[in-house]
Structure formats: C-alpha cells, structure tokens
Amino acid sequence: MGGASWKNSGPWPAILQFFPPKSKFTVDQIPDLTGQVIIVTGGNVGIGYETVKGLLRRNAKVYLGARSKAKADAAIASLKEATGKEAIFLELDLASLASIKNTAEEFLNVERELHVLFNNAGVMAPPDYPLTKDGYDLQFGTNVIGHWYLTELLMPALLAGVETSPDHHARVITTSSSGAYFTTLDFDTLTDTPARKKVSPEMLYYQSKFGNVVVARQVAKRYAEKGIISISVNPGNIQSDLQRYVPKVARMILNAVLLYPTPYGALTQLFAGTMPEALNHNGEFLIPWARLGKCRPEAYEDELGERLWKWLEDEVKAHTKL
C-alpha cells in the first residue's frame, strides 16, 4: 500500500467528506421500479425513511423493516401521504438472531424474489455498553452481525431476484459511515469482555461501520458471479435519529455546523441501489454524494475479510441453525 495508505485512514478522509461537492444525482433520476421488491431495514426514521420515500415514488414494492409496529405504522401513514403509495411493515429486531430468522421466514413465505436489500438500520454510541439478546456488543451485533445474518437468510430471494431484474442483478446496499476510517476490528471487543469496556462507545460504533465495509466486500466477492451487487456507502453527515444519544447542546451545534438535512443521506444509497452506473462499483465504498470513494486500506485485505466471515458463520451457527 506504500506511503499513500495514511490518506485513507484516520480523520482526514472523514473531514473531507464532511463537505462534499454538490450532488450530480437526484432522486428524480431513479428509473421506474415497477415490479421491484425491496427491503429497507430501519425504514421508519431518518435516512431509511427518506430511502423508502424515494423508492415508493418510483413505484417499488417496499418492505419497511422496524422493531416497533406502532412507529412503523406511523411512518407508513406519513409516507403514503407524501407519495400516495403504501410501504409494507416487516417486523425486524436486528439485536436478536431469532427475530431475524423469523423475519426472513415471514418474508420468504410471501415473496419469492427480492431485488434490493438496503441494510440501513443502525445504532450509534448508546451509553452503558448494552448487549444484544445473544450477548454481542449491541452496536456490532445490530449493525454487522444482524445484517449479515439477514442477508444470508434472504440470499435465495436475492438470487431469484437476479432472474427477473431488468439489469439481471440483485443488490445489497449497506449503510456504513465516515466512522469506518477511524478504526479496524478488535475481535476481543465483539462480545461481553473486559476489553470491550475499555473502548469508548464511539469507537465501538466506528468499528461496526468498518465491519460493514468488510462484510459488503465479502458479499460481493462470494456472490458476484451469481449476479449480486454489494456496495457499502458513507451516507454523509446527516441529521437523524442516530444522534439520540448525543447530548442536546452538542446535537444543536452539530445540526448547525456539520449536519445536512436528512434527505441528503438517502442520495448515495439510492444511487447504489437503483442506478445502472452502480453496477460498475461492486464491492466498493461510495461517499457523499453518490461518488466512488475508498475506505481505509485494511477494509480491502482478503485475510481480514475471510476471518470476519468465518467468525460470523461460527458465531451464528453456535446460536442458531443457520
């Protein structure tokens, strides 16, 4: 990697992406999505909500994955008012492997095909070091393990979607963050260990977002020949429900100085999930707004990617019948 490696790690690339050039892509450019079946996890708030809105406006059949039916129903009603189209609630708790399995089974019982999976949901820097129901760090468990398991369970529908997609591909789009530049993986911090408690909640979040990039590349490597496009994205610095654990005054300053309105956050992942040009970016990392970028060098190391994939397989098999 030579002397250029430093350019793609640490704060510098993240800072540069705080101030992207004006987007050349708008949601109006999305092609008609009639006949396309799409899932958006965390579709009831923030970037996920705006992603669902953009897809409904282009006539997709959209399943909105969320934990709370009440919150999902409110979002679905609001989306119908905005678009005239109705999303479908898909109950999903990414912090529970059993719930994920139930969700996948429920979906596969009613749909044979899936054309795009937006692995969008996430949790950021909760206090008090919470765990998932299966004993993993909540952030890594939700953001990485949960989405990996959901993707694997839905792969039969994605492969069926390849056959009927107009461009003969199905897509898995994973929402990462500029936080992916700040750290790599420490496997000792993924479960309830003393090592985990020595790492700040913010760094655990960054680790999960780096993990998203690694997994997205592995999905591309393993399924590209079968027609699967897998892309991770930094959606940009966006006002969203993710900041709910940030102190109020700090949140006000962030909103005023660094954060863009929520609809901007959907641009890069909508581009990745719908546009013909995105087919050229399998396994890559897109940055604001809808541009090809590069994550930190370690994200492209096959040895690390294969180690994480095997860890995910072994851990999920230990808790479930994959």
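No experiment lies behind these values; they were computed from the predicted model shown.

A.B. asks: Before we move on, can you summarise the sheet that holds strand 6 (residues 228-233) with the specific residues and values?
C.D. replies: In spatial order, the strands read 3-2-1-4-5-6-7-8; together these eight strands make up an open sheet with mixed pairing. Two strands in the sheet have a free side with no partner beyond their single neighbour: strand 3 (88-91) and strand 8 (291-293). Each strand of the sheet is rotated relative to its neighbour by a mean of 25°, with strand direction disregarded. With four bridges connecting them, strand 2 (residues 61-66) and strand 3 associate as parallel partners. Directly across from Leu 64, in strand 3, lies its bridge partner Phe 89. Helix 3 (residues 69-83) rests against strand 2 and strand 3 of the sheet, and its axis sits at about 150° to strand 2.

A.B. asks: Which residues make up helix 5 (residues 138-164), and what values go with them?
C.D. replies: Along its 27 residues, helix 5 runs 36 Å from first to last C-alpha, staying within 8% of the 39 Å computed at 1.5 Å per residue. In helix 5, a bend of some 55° at Met 155 exceeds every other bend along the element, and Pro 156, a proline, comes one to four places later. Of all 27 residues that make up helix 5, 23 are buried, and the element is covered over most of its length.

A.B. asks: Go over the environment of Leu 279, please, and point to the residues and values.
C.D. replies: Position of Leu 279 among the secondary structure elements: in the loop between helix 9 (262-274) and strand 7 (285-287). In this structure Leu 279 comes out as partly exposed when scored by relative accessible area, which is 24%. Placed 110 residues apart in sequence, Leu 279 and His 169 show a C-alpha to C-alpha distance of 8.3 Å.

A.B. asks: Now, about the packing of helix 5 against helix 7 (residues 201-223): what can you tell me, with residues and values included?
C.D. replies: Think of two packed helices as two axes; the pair is described by the angle between the axes and how far apart they sit. Running from N to C, helix 5 and helix 7 cross one another at 20°; their axes reach a closest spacing of 7 Å. The angle between the axes of helix 5 and helix 7 places the two elements in the roughly parallel class. Classified by chirality, the crossing of helix 7 by helix 5 is right-handed. Judged by residue contacts, Gln 139, Phe 140, Asn 143, Val 144, Trp 148, Glu 152 and Met 155 of helix 5 engage Pro 201, Leu 204, Tyr 205, Gln 207, Ser 208, Lys 209, Gly 211, Asn 212, Val 215 and Tyr 223 from helix 7. Here the residues of the contact of helix 5 with helix 7 are counted per class, giving nine nonpolar, six polar and two charged.

A.B. asks: Residues and numbers for the pattern of salt bridges, please.
C.D. replies: Here the structure, examined in full by the defined rule, presents 14 salt bridges. Across the pair Lys 69 and Asp 73 runs a salt bridge, and its minimum N-O distance is 2.8 Å. Within this pair, Lys 69 and its partner Asp 73 are both found in helix 3, separated by four residues, close to a single helical turn. Salt-bridge contacts for Asp 302 lead to Lys 221; the nearest nitrogen and oxygen are separated by 3.0 Å. With a gap of 81 residues between them, Asp 302 in helix 10 (residues 302-319) and Lys 221 in helix 7 connect regions that are remote in the sequence. Overall, Asp 302 belongs to the partly exposed group, its relative accessible area being 38%. Bridged by salt links that share partners, the residues Asp 137, Asp 192 and Arg 196 form one connected network.

A.B. asks: An account of the environment of Tyr 129 is requested, with residue identities and associated values reported.
C.D. replies: Here Tyr 129 is to be found in the loop between strand 4 (116-119) and helix 5. Spatially, the C-alpha atoms of Tyr 129 and Ser 200 are 9.0 Å apart, while their sequence positions differ by 71 residues. Excluding anything up to four places from it in sequence, Tyr 129 contacts Arg 196, Lys 197, Val 199, Ser 200, Pro 201 and Leu 204.

A.B. asks: Tell me about the side chain of Ser 177, and name the residues and values.
C.D. replies: Tracing the chain through its elements places Ser 177 in the loop between strand 5 (170-175) and helix 6 (194-197). A polar atom in the side chain of Ser 177 sits 2.8 Å from the backbone nitrogen of Gly 179. Look past the residues within four positions of Ser 177 in its chain and what remains in contact with it is Tyr 205, Lys 209, Val 233, Asn 234, Pro 235 and Phe 285.

A.B. asks: So what's going on with the nonpolar core? Which residues, and what values?
C.D. replies: One finds Phe 107, Leu 114, Ile 228, Leu 308 and Trp 311 to be the most contacted residues of the largest nonpolar core, which totals 51 residues. Secondary-structure elements contributing two or more residues to this core are strand 1 (37-41), helix 4 (97-110), helix 5, strand 5, helix 7, strand 7 and helix 10. Of all the elements, helix 5 adds the most residues to this core, at twelve residues. With residues near it in sequence (within four places) discarded, Leu 114 still touches Val 37, Ile 38, Ile 39, Phe 107, Leu 154, Ala 157, Leu 158, Gly 161 and Ala 170. Formed by 37 residues, the second largest nonpolar core is a distinct cluster that contains Val 40, Ala 66, Val 233 and Met 275.

Rules used throughout
Residues numbered from 1 in each chain as written. Predicted model: local features only at pLDDT ≥ 70, side-chain atom pairs only at ≥ 80, totals over all residues. Heavy atoms only, no water. Pairing = 2+ DSSP bridges. Helix = DSSP H or I, 4+ residues; strand = E, 2+ residues; numbered from the N terminus. Axes fitted to C-alpha atoms, helices over the stretch in contact; angles between N-to-C directions. Contact = heavy atoms within 4.5 Å. Expected span 1.5 Å × (residues − 1). Bend = angle between axes of the 7 residues up to and from the residue. Buried < 20%, exposed > 50% of the residue type's maximum accessible area, 1.4 Å probe, protein only. Parallel < 35°, antiparallel > 145°, perpendicular 65-115°, else oblique. Left-handed = near helix turned anticlockwise from the far one by under 90°. Nonpolar A, V, L, I, M, F, W, Y, C, P; charged D, E, K, R; others polar. Salt bridge = Lys/Arg side-chain N within 4 Å of Asp/Glu carboxyl O. Polar contact = N/O pair within 3.5 Å; in protein donor to acceptor, adjacent residues only side chain to side chain. Core = buried A, V, L, I, M, F, W, Y, C linked by side-chain atoms within 4.5 Å.

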